[in-house]
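Okay, here's what each chain looks like letter by letter:
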Amino acid sequence: MKRPNRSLWVQAMKDKDKTKEILLAELETLRRQVAELQDLQNRLKSREEDLRRSEERFRTFADSTYDWETWRAPDGKYLYVSPSCERITGYRSEEFIADPSLVTRIVHPDDQAIVTKHVLEDFRTHGALHMDFRIITRTGEERFISHYCQSVFGKDGEWLGRRASNRDISIRKHAEMELRRVNRALKVLGESSQAMARAVDEKEFLAEVSRMIVDVGGYRLAWIGYAQEDEKKSVRPVAQAGFEEGYLEKADITWADTQRGRGPTGTSIRTRRPTVCKNILKDPRFAPWRGEAVRRGYGSSIALPVRTGDNVIGALNIYATEPDAFDAEEVHLLEELASDISYGLTALRNKFEREKAEEALVKSSNKIKMFAYSVSHDLKNPAIAVYGLAKRLNRYSKDRLDERGRTYCDQIMKASEHIASLVEKINLYIKTKEVPLSIEKVRLKDIVDTVKEEFAPQLAGRQIRWLEPEAIPEVKADRTSMVRVLRNLVDNALKYGGHDLSEIRISYQESEDTHILSVEDDGIGLKDEDATTLFGPFKRKRMAGKVEGAGLGLAIVKEIAEQHKGRVWLDPAIKKGAAFHISISKNL
């Protein structure tokens, strides 16, 4: 049998000397101490449970945050990294805790400097700091992070490190970038119409558009190249603006289906469609020009076909500093810009061709005018001489001429008079086309009275009634031209009215925009086929061969009407005689 412990034996021997009361009191004390210890144990257990539940709630709350939350100790090591870091970066929280430098290694190379500076400031200050930067995720995706951090302190004021919150703002940033790109394209598009309005010639227009794309749109480079029809099918730059530094001279771009023609410019010209290079650094089509492009800071580019009419004549090329610069909306707006450029080029070329044609027409007109003056001069003088000689022959040799000879002399004088009259009318027609109008207030009643007095002998001799309105208003017109109009229309009625002509009626009416003066007669009238040809130069009424005339009277009336922004026409509804109407604008 094992020997009892000596101390317990000694204590037992001592207890033999104690009274029962003492032992009971000590027992009670022991019981009370045991109860207190049990209570203390229960309270400690309860506190441990509370602490466990509190930590569980903290973990549940912290681990469930959508943002990437961190807590770094004063020595820079992570005390906590929320699981959401994996959703944002592709790396697990354990990886950041095991390697605190991981966070700086995944920062985008272009943002390394600002992040390094921030980290240094982070542990030098106890204030709140903020910055935005980019990271490269485990899968190589670029993401934007909005980072806020501040110091953490205990109840006793002890510094416990830095607390940080990192939010993925990639969607917002991409939306902002897209909006900026669309806005810059909109600004350029808005300025294009002004560039067209200011342009004097094609070269100036293209230079202005290129400058506007860079200055207003903020693009790195803009240039326009024309497709050449040479053996190489080269693309010749005709305008450029921005940071170019000899790039185009070295580019050697073609639009042939070869390696140097399969880039954006050549492809756009061949396919007649926009061609985008999203990333110059990676796009294999840009290989021939990549080195020079990257050295000049070009990140992406777009080429858009430039047209005149239905023909693609070249391409508009725009370069941006950032990759993926040209999204669908921006491409659509830049297509509109290319369309505006094409329209402007077409308009300028049409204007140039029109000016050339007008210049040629003026030269031709001047030649015709000089020819007409020369012919009229060469005809008039001999006609006058022939008339004079025939008259003198008839006067001094009348007794020697028989009846046939005297008839010939009369016919020669009439023919020469007709030639002289024709020359005068040709000169009048030319003057009508060439001499500018002198617009003033004209009393039509005075003009009607002047023409009536001029034809009074014929009216009286043939017993023709002259009818006119009691009141005719003032109009703004060229006085001389209005006299010519009325004189020619009345003369036309007297010449072609025939023997039954008994009345010439002058009338006036107006519309909202025009004054209308009419000359009507009750003569033999006109045939329908005459109505479509009478207003051309040297055009006369059919069956008018016995009536002297040059066929220029109504042509002069038509020219005067058009100069007064009006027209002249023949009333086809009148059953007897003829009715001519001329309108002139009220806004001269």
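The coordinates are above.
Residues numbered from 1 in each chain as written. Predicted model: local features only at pLDDT ≥ 70, side-chain atom pairs only at ≥ 80, totals over all residues. Heavy atoms only, no water.

*Asks:* Whenever I open this one, helix H14 (residues 444-454) confuses me. Can you help?
*Replies:* Note: α-helices contain 3.6 residues per turn, so residues at a spacing of three or four share the same orientation. Every buried residue of H14 is listed here: Leu 444, Ile 447, Val 448 and Val 451. Buried residues along H14 cover an arc of 100° about the axis, so they all sit on one side. At its buried positions, H14 is contacted by strand E11 (439-443), strand E12 (465-467), strand E13 (474-478), helix H16 (479-496) and strand E14 (503-510). (Buried < 20%, exposed > 50% of the residue type's maximum accessible area, 1.4 Å probe, protein only. Helix = DSSP H or I, 4+ residues; strand = E, 2+ residues; numbered from the N terminus. Arc of directions from axis to C-beta. Contact = heavy atoms within 4.5 Å.)

*Asks:* Can you walk me through the sheet that holds strand E9 (residues 300-308) in this structure?
*Replies:* Strand pairing in a sheet takes place through backbone hydrogen bonds and is either antiparallel or parallel in direction. Strands sit in the order E7-E6-E10-E9-E8 across an open sheet of 5 strands; the sheet is antiparallel. The open sheet is flanked by strand E7 (235-242) and strand E8 (275-277), the only strands paired with a single partner. Looking at each pair of strands side by side, their axes are set apart by 20° on average, direction ignored. The sheet contact formed by E8 and E9 spans 3 bridges and is antiparallel. Within E9, the residue paired with Thr 275 across the bridge is Ala 303. Each of strand E6 (221-227), E7, E8, E9 and strand E10 (311-320) is contacted by helix H10 (residues 264-271), which is oriented at about 35° to E9, the strand it contacts most. (Pairing = 2+ DSSP bridges. Axes fitted to C-alpha atoms, helices over the stretch in contact; angles between N-to-C directions.)

*Asks:* Can you walk me through the environment of Glu 336 in this structure?
*Replies:* Checked against the element boundaries, Glu 336 lands in helix H12 (residues 328-396). Judged by relative accessible area, which is 34%, Glu 336 ranks as partly exposed.

*Asks:* Just checking my understanding: could you explain empty space enclosed by the protein for this structure?
*Replies:* Empty space among the atoms becomes apparent when a probe as large as a water molecule is rolled across them. Applying the stated criterion across every chain, the model contains 4 cavities of 30 Å³ or more. Taken as a whole, the largest cavity encloses approximately 230 Å³ of empty space. If you list the elements that add at least two residues to the lining of the largest cavity, you get strand E1 (68-72), helix H5 (102-105), helix H6 (112-122), strand E3 (129-136) and strand E5 (159-168). Here the lining of the largest cavity is built from residues that sort into 9 nonpolar, 5 polar and 4 charged. (1 Å grid on protein atoms, 1.4 Å probe; cavity = no way out; pocket = protein on both sides within 12 Å on 5 of 7 lines; lining within 4 Å. Points joined across faces, edges and corners; volume = space filled by probe spheres on them. Nonpolar A, V, L, I, M, F, W, Y, C, P; charged D, E, K, R; others polar.)

*Asks:* What should I look at first to understand a nonpolar patch on the surface in this one?
*Replies:* Together, Leu 24, Leu 27 and Leu 30 give the surface a local cluster of nonpolar side chains, amounting to about 270 Å² of exposed area. Looking at the secondary structure, you find Leu 24 in helix H2 (residues 20-63). (Patch = residues over 30% accessible without salt bridge, like charges linked within 9 Å, V, L, I, M, F, W, Y side chains within 5 Å. Areas by Shrake-Rupley, 256 points an atom, 1.4 Å probe, with all protein chains shown as cover. Salt bridge = Lys/Arg side-chain N within 4 Å of Asp/Glu carboxyl O.)

*Asks:* Got a minute to help me understand the packing of aromatic side chains in this structure?
*Replies:* Any two aromatic rings considered together are summarised by their centre-to-centre distance and by the angle between their planes. Evaluation of the coordinates by the stated rule reveals 8 aromatic pairs. A centroid spacing of 5.3 Å and a plane angle of 85° characterise the contact between Tyr 247 and Tyr 298, whose relative ring orientation is edge-to-face. With a gap of 51 residues between them, Tyr 247 in helix H9 (residues 247-251) and Tyr 298 in the loop between helix H11 (290-295) and E9 connect regions that are remote in the sequence. For the pair formed by Tyr 247 and Tyr 298, the shared burial category is buried. (Phe/Tyr/Trp six-rings, centres within 6.5 Å; stacked < 30°, edge-to-face > 60°.)

*Asks:* Please clarify how the nonpolar core should be interpreted in this entry.
*Replies:* Grouped burial of nonpolar side chains is what soluble globular proteins tend to show. Ranked by size, the top nonpolar core spans 36 residues in total, and within it Trp 466, Leu 486, Val 490, Leu 494, Ile 504 and Ile 506 carry the most contacts. When residues of this core are traced back to their parent elements, those giving at least two are H14, E13, H16, E14, strand E15 (514-521), helix H18 (553-563), strand E16 (567-570) and strand E17 (578-585). Discounting residues that sit within four places of it in the chain, Ile 506 has contacts with Val 448, Trp 466, Leu 467, Glu 468, Pro 469, Leu 486, Val 490, Leu 517, Ser 518 and Val 519. Grouped together as the second largest cluster of nonpolar side chains are 32 residues, Val 214, Ile 302, Ile 313 and Val 331 included. (Core = buried A, V, L, I, M, F, W, Y, C linked by side-chain atoms within 4.5 Å.)

The analysis is restricted to geometry; functional conclusions fall outside its scope.
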